[in-house]
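The residues making up each chain are set out below.
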Amino acid sequence: MRPSATRLLRPTGLLKAGILAIVTVVVLPVAGHACNIGSRTDGRDATWCFTASMDGKPLMRDTARWALNNLVSSTVMTATPVASCDPAVNPGVDYRFADRDLGAGVYGSAECQVWSSSTVCGRYRINANRAEIVAALSSTDDMYSDGAEQSGERELNFKANWCHELGHTVTLEHHPVNFANRFSYYNGEGDRARDCMVRGHVEVSSNWLRYNAHHVSDVASRL
Amino acid sequence: MITQHRVRRIHPRPRSATAVVSLAALAMVAGGCGAAADEPQAVDAASAPQSAGVPINRSALDPAAKAAVTAPEVNAIDPQLPMTNASRFSAVVVGKVLGVADGPRFVDYEGDTEPGPDWVVLEVEPVAVLRGEERVGDPIHVRLTLSDREGLEKAIPPGTLAFVAAQPVDPADDQHLADPYAGVPAGKTRYIAGAPYVAVADGPGRIWYPVSGQSYDRPLTALVPGDLAPLLPAELR
């Protein structure tokens, strides 16, 4: 469900709209240029594994695989699974996927576990906060969740989170706003509004896309 | 799985003259508030923020300055100013930072003995309990998804005013931790706070979120809902 006009006119909505306006003015002028977050994976050929925390969670596994396939099909990256995250077995693994409690209001994170240099990460842990992603489906803490889980919404949000975190590992930063629905609601900001690097909850009605063309180009030029 | 309890006091707790002088005013506030379970708790006169106006040393957590920093990129909602969902949390407090301890280590695979930690634990002494059963002056221990304890200690001076909305950790998650009680004294509640719900005062007019790196040009008290503001010590209102 898209945010209604009345919702945006509530005091909290006005405050958030004000913050959006400030952030947009300050950040958008540079958003089309450097998108580096200060770290990136160490090459175009990535290997990956599931940590023990992903055992018995088929939806999380399937959506992570989808996100990896999306990364490969959209960018210059390749991704090869390995059976074990144990560095004694697979010393060069680049991505470890994990289900971790990251606290309220956080859906996922990408954290570098092994730095190759000050900007290059030899191994990331790619986290999803399953409990919080699921909670957001039926709450309105995130103003872009309508508070009612719809068919496919859970799968969509796992995909969106993995896609988002993998984007960080290939130099992409956040969009200046986390309003996945907001831009489609205002209808005019184009694909960038709905791609993987937008933070927060995604509704099935958001026309959610993947990596935008600008970001795909960035990945090719940087890795 | 190894279960251990660590009692670690990183920093002493200095008592300043300012705190002593403020006791009378705080006691007056305390006299008008109840302390029933799950209700906002009275302000106790035992403590007051020591250095709410001390600027944060953000460079201590700058990844470009220290490659070992593992501050994650987080996919999180934006903070609310003021907070509008306090009822979701078991503990909502304003307090002063006492220190930072190493927290648990996440087990990625069977037999994982790689060095940690993967979290730090922030120790905060409440000066006002806005929600929950914690007590003013009795420190709480809050897990944060940062691993750079040294950087965080340099960034946040002891006594810095903090706002925390936290929930107890889910014991079911302990199965993936090598040391789930790390950083938390025995018998104390293990809390966790997400990036949008733990903030510190970066000087008198700025809020800084150590996990996400976000900041806002507002006083820390801007996070406190209006109906709970009377529970703050008088000097913070």
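It should be emphasised that the depicted structure is a prediction, and the values quoted were computed from it without experimental measurement.

**Quick word on the overall build of chain B**
Part 1 of the reasoning: When you go through chain B residue by residue, the secondary structure sums to 3 helices and 9 strands.
Part 2 of the reasoning: When the helices and strands of chain B are listed from N to C terminus, the series reads α-α-β-β-β-β-α-β-β-β-β-β.
Part 3 of the reasoning: Expressed as a percentage of the 237 residues in chain B, the buried residues total 54%.
Part 4 of the reasoning: The long-range share in chain B, meaning contacts at least 24 apart out of those at least 6 apart in sequence, stands at 74%.

**Focus: the packing of helix α3 (residues 58-74) of chain A against helix α5 (residues 153-169) of chain A**
Residue and element names in this part refer to chain A.
Part 1 of the reasoning: One way to put it is that α3 packs onto α5 with a least axis distance of 8 Å and a crossing angle of 50°. In terms of their interaxial angle, α3 and α5 are classed as oblique. Handedness of the α3/α5 crossing: right-handed. Of the residues in α5, those touching α3 at L59, M60, T63, A64, W66, A67, N70 and L71 are R154, E155, F158, K159, W162, C163 and L166.

**Here we look at the nonpolar core**
Burial of nonpolar side chains together is a common tendency in soluble globular proteins.
Part 1 of the reasoning: Among the nonpolar cores identified, the biggest contains 101 residues, and V93(B), V142(B), V164(B), A166(B), A193(B) and A199(B) are the most heavily contacted of them.
Part 2 of the reasoning: In contact with A166(B), other than residues within four places in its own chain, are F89(B), S90(B), A91(B), V142(B), Y191(B), I192(B), A193(B) and Y197(B).

**A word on helix α7 (residues 213-222) of chain A**
In an α-helix, one turn spans 3.6 residues, which is why side chains three or four residues apart end up on the same side.
Residue and element names in this part refer to chain A.
Part 1 of the reasoning: Listed in full, the buried residues belonging to α7 are H215, D218 and V219. With its buried residues spanning 95° around the axis, α7 presents them on a single face. Those residues of α7 that are exposed and aimed more than 90 degrees away from the buried face are A213, S217 and S221.
Part 2 of the reasoning: At its buried positions, α7 is contacted by α5.

**Considerations on the pairing of strand β5 (residues 161-168) of chain B**
Residues and elements named next belong to chain B.
Part 1 of the reasoning: Most of β5 sits out of view: 7 of its 8 residues are buried.
Part 2 of the reasoning: Summarising the sheet, strand β2 (residues 91-102) and β5 pair through 6 bridges and their orientation is antiparallel. Looking at the pairing, V92 lines up with A165 of β5.
Part 3 of the reasoning: As paired strands, β5 and strand β6 (residues 190-192) are joined by 2 bridges and run antiparallel to one another. Looking across to β6, one finds that P168 is bridged to Y191.

**Overview of α3(A)**
Residues and elements named next belong to chain A.
Part 1 of the reasoning: If you check α3, its first and last C-alpha atoms are 24 Å apart, about what 17 residues at 1.5 Å a residue would give, namely 24 Å.
Part 2 of the reasoning: All of the buried residues in α3 are M60, T63, A64, A67, L68 and L71. Seen from one end, α3 has its buried residues packed into an arc of 145°, which puts them on one side. In α3, the exposed positions angled more than 90 degrees off the buried face are occupied by P58, L59, N69 and S73.
Part 3 of the reasoning: Where α3 is buried, its residues contact β2 (45-50), β3 (78-81), β4 (95-99), β6 (120-128), α4 (130-137) and α5.

**Let's talk about the interface of chain A and chain B**
Interfaces are frequently sized by the accessible area removed from exposure as the parts join.
Part 1 of the reasoning: Facing the 38 residues of chain A at the interface are 33 residues of chain B.
Part 2 of the reasoning: Tallying contributions element by element places strand β5 (residues 106-115) of chain A first for the side of chain A that touches chain B, with 9 residues.
Part 3 of the reasoning: The sheet contact formed by β5(A) and strand β1 (residues 73-76) of chain B spans 4 bridges and is antiparallel. Within the sheet, the bridge partner assigned to A110(A) lies in β1(B) and is E73(B).

**Regarding the pairing of β5(A)**
Residue and element names in this part refer to chain A.
Part 1 of the reasoning: With 7 of 10 residues buried, β5 is to be regarded as a mostly interior element.
Part 2 of the reasoning: Strand direction decides the pairing type here: β5 and β6, joined by 7 bridges, are antiparallel. For A110, the partnering residue across the bridge sits in β6 and is I126.
Part 3 of the reasoning: Between β5 and the antiparallel strand that follows it, β6, lie 4 residues.

**A word on the environment of D94(A)**
Part 1 of the reasoning: Mapped onto the secondary structure, D94(A) falls in the loop between β3 and β4.
Part 2 of the reasoning: If we skip the residues at most four places from it in the chain, D94(A) touches T41(A), A46(A), T47(A), W48(A), R123(A) and Y124(A).

**Thoughts on the confidence of the model for chain A**
All names here are of chain A.
Part 1 of the reasoning: Confidence along chain A averages 78 in pLDDT terms, with 74% of residues attaining 70 or more.
Part 2 of the reasoning: The least confident element of chain A is helix α2 (residues 11-31), whose mean pLDDT is 34; the most confident is β4, at 98.
Part 3 of the reasoning: Every residue in residues 1-36 scores below 50 in pLDDT, and together they form 35 contacts with partners more than four places removed in sequence or on other chains.
Part 4 of the reasoning: For the stretch residues 178-193, pLDDT sits under 50, and the model shows 37 contacts to residues farther than four places along the chain or on other chains.

**Some words on unusual backbone geometry**
Part 1 of the reasoning: A cis amide bond, omega 0°, links L81(B) with the succeeding residue P82(B).
Part 2 of the reasoning: Summarising the element assignment, P82(B) is placed in the loop between β1 and β2.
Part 3 of the reasoning: The backbone phi angle of T171(A) is positive, close to 85°, even though this residue is not glycine.
Part 4 of the reasoning: With respect to the helices and strands, the residue T171(A) is situated in the loop between α5 and α6 (180-186).

Cut-offs and rules
- Residues numbered from 1 in each chain as written.
- Chains lettered and ligands numbered in written order.
- Predicted model: local features only at pLDDT ≥ 70, side-chain atom pairs only at ≥ 80, totals over all residues.
- Helix = DSSP H or I, 4+ residues; strand = E, 2+ residues; numbered from the N terminus.
- Buried ≥ 20, exposed ≤ 12 C-beta atoms within 10 Å, placed from the backbone.
- Contact = placed C-beta atoms within 7 Å.
- Axes fitted to C-alpha atoms, helices over the stretch in contact; angles between N-to-C directions.
- Parallel < 35°, antiparallel > 145°, perpendicular 65-115°, else oblique.
- Left-handed = near helix turned anticlockwise from the far one by under 90°.
- Core = buried A, V, L, I, M, F, W, Y, C linked by C-beta atoms within 7 Å.
- Arc of directions from axis to C-beta.
- Pairing = 2+ DSSP bridges.
- Expected span 1.5 Å × (residues − 1).
- pLDDT = per-residue confidence, 0-100.

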